[in-house]
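Okay, here's what each chain looks like letter by letter:
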Amino acid sequence: FPPAVVEEPRRIIQSSNIADLDDSKWIEPTKDAGRQELEIKMGNEHIAFTVAEIGSLVDVAKSVDPEGLRVFYYLTQDLRCLMFSLISLHFKIKPIP
């Protein structure tokens, strides 16, 4: 990957300040409901978050820690959009003959 492609997710993660959050007050996943997990390894730092599946911002607003969960929600949305854009771009580019 070009350096800019690798640097962009790193920049998104660092600007979100997700490393300062604690998921202990977030909605615990159950056997019946889905779960969302995010694991980040950058340098010597390794953090992992687990939360029950978030359907919308209404779920975020109802939580005990809405501000922290909002950061998680938007970070995962941003990373998801970036990855889907890269995948889409990969299949749209036609090689030069």
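Residues numbered from 1 in each chain as written. Predicted model: local features only at pLDDT ≥ 70, side-chain atom pairs only at ≥ 80, totals over all residues. Heavy atoms only, no water.

1. Concerning the overall build of the protein chain
Our working definition: Numbering of helices and strands runs from the N terminus, with a helix taken as a DSSP run of H or I at least four residues long and a strand as a DSSP run of E at least two residues long. Here the radius of gyration uses the C-alpha set of atoms, whereas the globule reference equals 2.2 Å times the residue count to the power 0.38.
A count of helical and extended segments in the protein chain gives three helices and two strands. Reading the protein chain from its N end, one meets helices and strands in the order α-β-β-α-α. Rg of the C-alpha trace for the protein chain: 16 Å, well past the compact-globule value of 13 Å for 97 residues, more than 25% over. Viewed in the frame of its principal axes, the protein chain has a C-alpha envelope of about 55 × 30 × 20 Å.

2. Description of the pairing of strand β2 (residues 45–52)
The condition is simple: A pair of strands is considered paired only if DSSP assigns at least 2 bridges between the two.
Two elements, strand β1 (residues 35–42) and β2, share eight bridges in a ladder whose sense is antiparallel. Counterpart to I40 in the pairing with β2 is I47.

3. Some thoughts on the confidence of the model for the protein chain
The following threshold applies: For every residue, the predictor reports its confidence as pLDDT, a number between 0 and 100.
Summing up the model confidence of the protein chain, the mean pLDDT is 90 and the portion of residues at 70 or higher is 94%. Predicted confidence in the protein chain is weakest over helix α3 (residues 66–92), with a mean pLDDT of 91, and strongest over β2, with 94.

4. With respect to a nonpolar patch on the surface
Stated formally: Surface patches are drawn from residues lacking salt bridges whose relative accessible area is over 30%; two like charges belong together within 9 Å, two nonpolar side chains (Val, Leu, Ile, Met, Phe, Trp, Tyr) within 5 Å. For accessible areas, the Shrake-Rupley method is used with a probe of radius 1.4 Å. Any residue's cover is judged against the shown protein chains and nothing else. Just to be clear on terms, a salt bridge is a Lys or Arg side-chain nitrogen sitting within 4 Å of an Asp or Glu carboxyl oxygen. Any residue under 20% of the maximum accessible area for its type is buried, any over 50% is exposed, and the rest in between are partly exposed; the area is computed with a 1.4 Å probe on protein chains only.
Side chains of M83, F84, I87 and F91 sit close together on the surface and give an oily, nonpolar patch of about 460 Å² of accessible area. Tracing the sequence through the fold places I87 in helix α3. We classify I87 as partly exposed; its relative accessible area is 45%.

5. Considering the packing of aromatic side chains
Put simply, the rule is: The criterion for an aromatic pair is that two Phe, Tyr or Trp rings (for Trp, the six-membered ring) have centres within 6.5 Å, with stacked assigned to planes under 30 degrees apart, edge-to-face to planes over 60 apart and tilted to the rest.
The tally for this structure, following the rule as stated, stands at four aromatic pairs. On the basis of an interplanar angle of 25° and a centroid distance of 5.5 Å, the ring pair of W26 and F49 is categorised as stacked. Of this pair, W26 sits in the loop between α1 (3–16) and β1 while F49 sits in strand β2, placing them 23 residues apart in sequence. For the residue pair W26 and F49, the accessibility class agrees, reading buried in each case. Members of the aromatic cluster, connected to one another through ring pairs, are W26, F49 and F72.

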